[in-house]
Amino acid sequence: MTNAFSGAQPFDLVIRNADVVTASDRFQTDIGVSDGVIVALGRRLGPGKREVDATGLLAMPGGVDGHCHLDQPMPDGLRMADDFFTGTRAAVCGGTTTVIPFAAQEKGGSLRAAVEDYHRRANGRAVVDYGFHLIVADPTEKVLREELPELIQEGYTSFKIYMTYDDLKLSDREILEVLSVAREHGALVMVHAENSDCIAWLTDKLVGQGRIAPKFHGLARPAAVEREATHRAITFAELVDVPILIVHVSGKDAIGQIRWAQGRGMPILAETCPQYLYLTADDMGHPGDDGYAGAKCVCSPPPRDSDNQEAVWKALKQGVFSVFSSDHAPFNYDDPQGKKPGGNAQSFEHIPNGIPGIETRLPLLFDGVRQGRLSLHKFVELTSYRPARLYGLYPRKGTIAIGADADIVLWDPDARVQITNDALHHAVDYTPYEGREVTGWPVHCFSRGEQLVANRQYLEPTPGRGQFLPADAPSLV
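Rules used in this analysis
Residues numbered from 1 in each chain as written. Predicted model: local features only at pLDDT ≥ 70, side-chain atom pairs only at ≥ 80, totals over all residues. Heavy atoms only, no water. UniProt positions renumbered as here; feature names shortened; annotations may be inferred. Helix = DSSP H or I, 4+ residues; strand = E, 2+ residues; numbered from the N terminus. Rg over C-alpha atoms; globule rule 2.2 N^0.38 Å. Buried < 20%, exposed > 50% of the residue type's maximum accessible area, 1.4 Å probe, protein only. Contact = heavy atoms within 4.5 Å. Areas by Shrake-Rupley, 256 points an atom, 1.4 Å probe, with all protein chains shown as cover. Lys, Arg positive; Asp, Glu negative; His and termini not counted. Charge placed at Lys NZ, Arg CZ, Asp CG, Glu CD. Phe/Tyr/Trp six-rings, centres within 6.5 Å; stacked < 30°, edge-to-face > 60°. Lys NZ or Arg CZ within 6 Å of the ring centre and 35° of its normal. 1 Å grid on protein atoms, 1.4 Å probe; cavity = no way out; pocket = protein on both sides within 12 Å on 5 of 7 lines; lining within 4 Å. Points joined across faces, edges and corners; volume = space filled by probe spheres on them. Nonpolar A, V, L, I, M, F, W, Y, C, P; charged D, E, K, R; others polar. Pairing = 2+ DSSP bridges. Expected span 1.5 Å × (residues − 1). Bend = angle between axes of the 7 residues up to and from the residue. Polar contact = N/O pair within 3.5 Å; in protein donor to acceptor, adjacent residues only side chain to side chain.

Labelled according to an unreviewed UniProt entry, the protein chain appears under the name D-hydantoinase, originating from Pandoraea iniqua. Comment text from UniProt for the protein chain, heading Sequence similarities (unreviewed entry), reads "Belongs to the metallo-dependent hydrolases superfamily. Hydantoinase/dihydropyrimidinase family." Check the Function (unreviewed entry) section of the UniProt entry for the protein chain; it says "Catalyzes the stereospecific hydrolysis of the cyclic amide bond of D-hydantoin derivatives."

Caption draft 1: Region of the structure containing the overall build of the protein chain. When you go through the protein chain residue by residue, the secondary structure sums to 13 helices and 19 strands. Since a compact globule built from 477 residues should have a radius of gyration of about 23 Å, the 22 Å found for the protein chain is in line with a globular shape. When its C-alpha atoms are laid out on the principal axes, the protein chain stretches across 75 × 55 × 45 Å. Considering the protein chain as a whole, with its 477 residues, one finds that 61% of them fall into the buried category. A separation threshold of at least 6 residues defines the contact pool for the protein chain, and within that pool the share at least 24 residues apart is 77%. When the accessible surface of the protein chain is split by element, carbon and sulfur atoms take 46% of a total near 17700 Å². Averaging the positions of the 47 positive and the 62 negative side-chain charges in the protein chain gives two centres separated by 4 Å.

Caption draft 2: Spatial organisation of the packing of aromatic side chains. This model, assessed by the stated rule, comprises 17 aromatic pairs. Their ring planes at 75 degrees and their centres at 5.2 Å tell us that Phe84 and Tyr118 sit as a pair that is edge-to-face. Of the two residues, Phe84 is situated in helix α1 (residues 84-93) and Tyr118 in helix α2 (residues 111-122); the sequence distance between them amounts to 34 residues. With respect to burial, Phe84 and Tyr118 carry one shared label: buried. A connected cluster of aromatic rings, assembled from ring pairs, spans Phe84, Tyr118, Tyr130, Phe132, Tyr156 and Phe468. Between the NZ or CZ atom of Lys296 and the centre of the ring of Tyr333, over which it lies, the distance is 4.8 Å.

Caption draft 3: Geometry of the layout of surface pockets. Its boundaries defined by the atoms lining it, the largest pocket holds a volume of some 1200 Å³. For the largest pocket, the lining is made up of 44 residues, of which Pro75, Tyr165, Asp166, Asp167 and Asn353 are closest to its centre. At the level of elements, β11 (158-162), α5 (196-208) and α6 (216-220) are the ones that each hand at least two residues to the lining of the largest pocket. Looking at which element gives the most residues to the lining of the largest pocket, the answer is α5, with five residues. Split by residue class, the lining of the largest pocket holds 19 nonpolar, 15 polar and ten charged. The volume enclosed by the second largest pocket comes to roughly 230 Å³. Residues that form the lining of the second largest pocket fall into these classes: four nonpolar, three polar and four charged.

Caption draft 4: Fine view of the sheet that holds β11. Pairing is parallel across the open sheet formed by seven strands, whose spatial order is β8-β10-β11-β12-β13-β14-β15. Two strands bound the open sheet, and with one partner strand each, they are β8 (102-104) and β15 (323-324). With two bridges connecting them, strand β14 (residues 268-272) and β15 associate as parallel partners. Paired with Glu271 across the two strands is Val323, which belongs to β15.

Caption draft 5: The arrangement of the UniProt feature "domain: Amidohydrolase-related" (unreviewed entry) in the protein chain in detail. The positions that UniProt labels "domain: Amidohydrolase-related" (unreviewed entry) are, in the present scheme, residues 59-450. For the annotated span residues 59-450, helix accounts for 36% and strand for 16% of the residues, and the straight-line distance between the end C-alpha atoms is 15 Å.

Caption draft 6: View of helix α3 (residues 141-153). Taking 1.5 Å of rise per residue, the 13 residues of α3 would be expected to cover 18 Å, and the 18 Å separating its terminal C-alpha atoms lies within 8% of that figure. The largest bend along α3 measures about 35 degrees and falls at Glu147, with the proline Pro149 one to four residues further on. Restricting attention to buried positions, one finds in α3 the residues Val143, Leu144, Glu147, Leu148, Pro149, Leu151 and Ile152. If you follow the buried residues of α3, they end up packed against α2, β10 (133-135), β11 and α4 (172-185).

Caption draft 7: Structural view of unusual backbone geometry. Each neighbour pair has its own omega, and for Ser300 with Pro301 the value is -10 degrees, a cis peptide bond. Tracing the backbone shows Pro301 in the loop between α10 (281-284) and α11 (306-318). Put simply, Tyr394 and Pro395 share a cis peptide bond, and its omega is 10 degrees. Phi at Asp35 takes a positive value of approximately 55 degrees, unusual for a residue other than glycine. The residue Asp35 is located in the loop between β2 (26-34) and β3 (37-42) in this model. Of note, the phi angle at Asp71 is positive, near 50 degrees, even though the residue is not glycine. According to the relative accessible area criterion, Asp71 is partly exposed, its value standing at 22%.

Caption draft 8: Structural detail: the UniProt feature "modified residue: N6-carboxylysine" (unreviewed entry) in the protein chain. In the numbering used here, UniProt assigns the feature "modified residue: N6-carboxylysine" (unreviewed entry) to Lys160. By the element assignment, Lys160 lies in strand β11. Classification of Lys160 by relative accessible area gives buried; the value is 1%. Dropping the residues within four chain positions of it, Lys160 is found in contact with His67, His69, Phe102, Leu134, Ile135, Val136, Met190, His192, Val247 and His248. Side chain to side chain, Lys160 and His67 meet in a polar contact 3.3 Å long.

What follows is the structure, given as structure tokens:
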């Protein structure tokens, strides 16, 4: 059989014998790439200037991490460990070829200024492609009527709002105003759903009793405060008649609210993260050598218990969740600007919330595929296809198809890997998954046809090769 491309100019890259898995299909093919784009799929393609044999490996679209924090400005002398170089380096070593972190507005500051600052932080640093979500922390009249509509038109079509954290939270009225702008201009609002006043009341009670160890972070943020805020956010979305995405859902209480809304036909979407599949409240109680190691697992919402883990796995398989993200929040543990503010152990309410996970996100979920908890197609849907569609990057990202960017990851589905921080590529001094063994790991990773990882080794691509991606309108399908 002679392929139509056999007499043409050589491809820049040909991946031979690829066992391609997308969100809906699986097929054997060669993949021809030119100018960073997939231009041919077929058996026995013509020659490539470079060729890679994928025999025995799975070829999947590069992951799209739709929720991560990189070099985000922090208050009170805190600092994130990962910038756009170290964060995207870690991402691609874990099979993620597109990241969407947050340009965060400060109260009293301009949303436009936050975007300009974030571009300065990313330019010349990122090694994979990236977009920006916005964080709306101060929805003034100017922000609502001028800055936000203008930024949506420029390709910032998703933004996050908070129902907790004093420096970020919005009032109920402000949330309604932001949702109204999203409806008018076709944007997607992501909601951090926890009840701030309940958390503050519980925190005051616990601290007053001297219960300040990291494990009490979970008691200050019980499932009920997430359930209540999730229900309230759904109600606001119903009033405004606009889709929302509830982010980092931790367990069955919030899942119940989301199922209820979805069962009524409401466009309520949901996201979860690895920490809610693999960590529990007990991890925040682990003392370690210094009595404080539970701080490594402090995040919000906090990890729950094994029953909630099972509820999250079940909801992933059943389609309750649209996306699976890392919520990578990279604070060093042994650091006065990280988990030990000022250099010492702190009461739980002063521990920076968030854990690293941008490199381990895909292997942890892929291990669930190997355990039979979800299909390969669902894996691709949750980690690549759906985030690309939701955040306006499809079909450039999120699939292996002619015309798509050649963001391709070749997986060894049988590799057994023990996660250790020494082997990871972020700039964080720990991983909460230290010592956990997973089956399946990315072996070769390509971003727009350029190989960035070969045989699990990072190839030192030029910092700044990553491109900023303005987003189209979100697609909920």
